[in-house]
Amino acid sequence: MAVDFSMSILVVDDYNTMIRIIRNLLKQLGFENIDDASDGSAALNKMRTKKYGLVISDWNMEPMTGYDLLREVRADPNLATTPFIMVTAESKTENVIAAKKAGVNNYIVKPFNAATLKNKIEAVFPDNVPA
């Protein structure tokens, strides 16, 4: 995997347990620079003050959902190209389609493991994977 392990990753979830799980999986994969936010608006504030190489966000959060966060990120010229992976417990086709239309780079359905996360991250950075 030729992904940049030093890049900053923002994990967004309203459940501290899920943030801890994703953080641990990322560390297993070799990532060290991991921040977190408890909802979309907190994530947006962090993204406007620091550049992230990847955002991994839950869909279902209050008051700002991961889907709303994705739409805000894609609408902001300074953030629009930030790679974004959506995490959800629901694999509803309409949600996947909505997220794709909004510009999500990848989609993970809970529960997932380190191997799944690694594959999803590698798929977001295809140029970095050696031929």
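Reading guide: rules and limits
- Residues numbered from 1 in each chain as written.
- Predicted model: local features only at pLDDT ≥ 70, side-chain atom pairs only at ≥ 80, totals over all residues.
- Heavy atoms only, no water.
- Phe/Tyr/Trp six-rings, centres within 6.5 Å; stacked < 30°, edge-to-face > 60°.
- Helix = DSSP H or I, 4+ residues; strand = E, 2+ residues; numbered from the N terminus.
- UniProt positions renumbered as here; feature names shortened; annotations may be inferred.
- Buried < 20%, exposed > 50% of the residue type's maximum accessible area, 1.4 Å probe, protein only.
- Arc of directions from axis to C-beta.
- Contact = heavy atoms within 4.5 Å.
- Pairing = 2+ DSSP bridges.
- Right-handed = clockwise from strand over helix to strand, strands pointing away.
- Core = buried A, V, L, I, M, F, W, Y, C linked by side-chain atoms within 4.5 Å.

Caption draft 1: Structural view of the packing of aromatic side chains. A full pass over the atoms with the stated rule returns three aromatic pairs. Here the aromatic rings of phenylalanine 5 and phenylalanine 31 are separated by 4.9 Å at their centres, their planes lie at 45 degrees, and the arrangement is tilted. Within this pair, whereas phenylalanine 5 is found in the segment before strand 1 (9–12), its partner phenylalanine 31 is found in the loop between helix 1 (16–29) and strand 2 (34–37), the two being separated by 26 residues in sequence. Taking 5.1 Å as the distance between ring centres and 10 degrees as the angle between the ring planes, the aromatic pair formed by tryptophan 59 and tyrosine 67 counts as stacked. Here a set of aromatic residues connected by ring pairs shows up, and it is made of Trp59, Tyr67 and Tyr107.

Caption draft 2: Quick peek at the UniProt feature "domain: Response regulatory" (unreviewed entry) in the protein. If you check UniProt for "domain: Response regulatory" (unreviewed entry), the listed places come out as residues 8–125 in our numbering. The span residues 8–125 shows a helical share of 47% and a strand share of 19%, and its end C-alpha atoms are spaced 14 Å apart.

Caption draft 3: Structural detail: helix 2 (residues 40–49). Every buried residue belonging to helix 2 is among Gly40, Ala43, Leu44 and Met47, and all of these are buried. Looking straight down helix 2, one finds its buried side chains confined to an arc of 100 degrees; they lie on one side. Packed against the buried residues of helix 2 are strand 1, strand 2, strand 3 (54–58) and helix 3 (66–75).

Caption draft 4: Inspection of the pairing of strand 3 at higher detail. In terms of burial, strand 3 is a largely internal element, five of the five residues being buried. Where burial is concerned, the two faces of strand 3 agree: the one with Leu54, Ile56 and Asp58 and the one with Val55 and Ser57 are both buried. Across four bridges, strand 1 lies against strand 3 in parallel orientation. Paired with valine 11 across the two strands is isoleucine 56, which belongs to strand 3. Where the polypeptide runs from strand 3 across helix 3 and back to strand 4 (residues 84–88), its parallel neighbour, the crossover connection is right-handed.

Caption draft 5: Highlighting the nonpolar core. Grouped together as the largest cluster of nonpolar side chains are 23 residues, with contacts concentrated most on Leu26, Phe31, Ile56, Leu117 and Ile121. Mapped onto this core, the elements with two or more residues apiece are strand 1, helix 1, strand 3, strand 4 and helix 5 (114–124). The biggest single contributor to this core is helix 1, with six residues. In this structure isoleucine 56 touches Ile9, Leu10, Val11, Val12, Ile22, Leu26, Ile85, Val87 and Leu117, once residues within four positions along its chain are discounted.

Caption draft 6: Inspection of the UniProt feature "modified residue: 4-aspartylphosphate" (unreviewed entry) in the protein at higher detail. The positions that UniProt labels "modified residue: 4-aspartylphosphate" (unreviewed entry) are, in the present scheme, Asp58. With respect to the helices and strands, aspartate 58 occurs in strand 3. Residue aspartate 58 is classed as buried on the basis of its relative accessible area of 4%. The contact partners of aspartate 58, leaving out residues within four places of it in the chain, are Val12, Asp13, Asp14, Gly66, Met86, Val87, Thr88 and Lys110.

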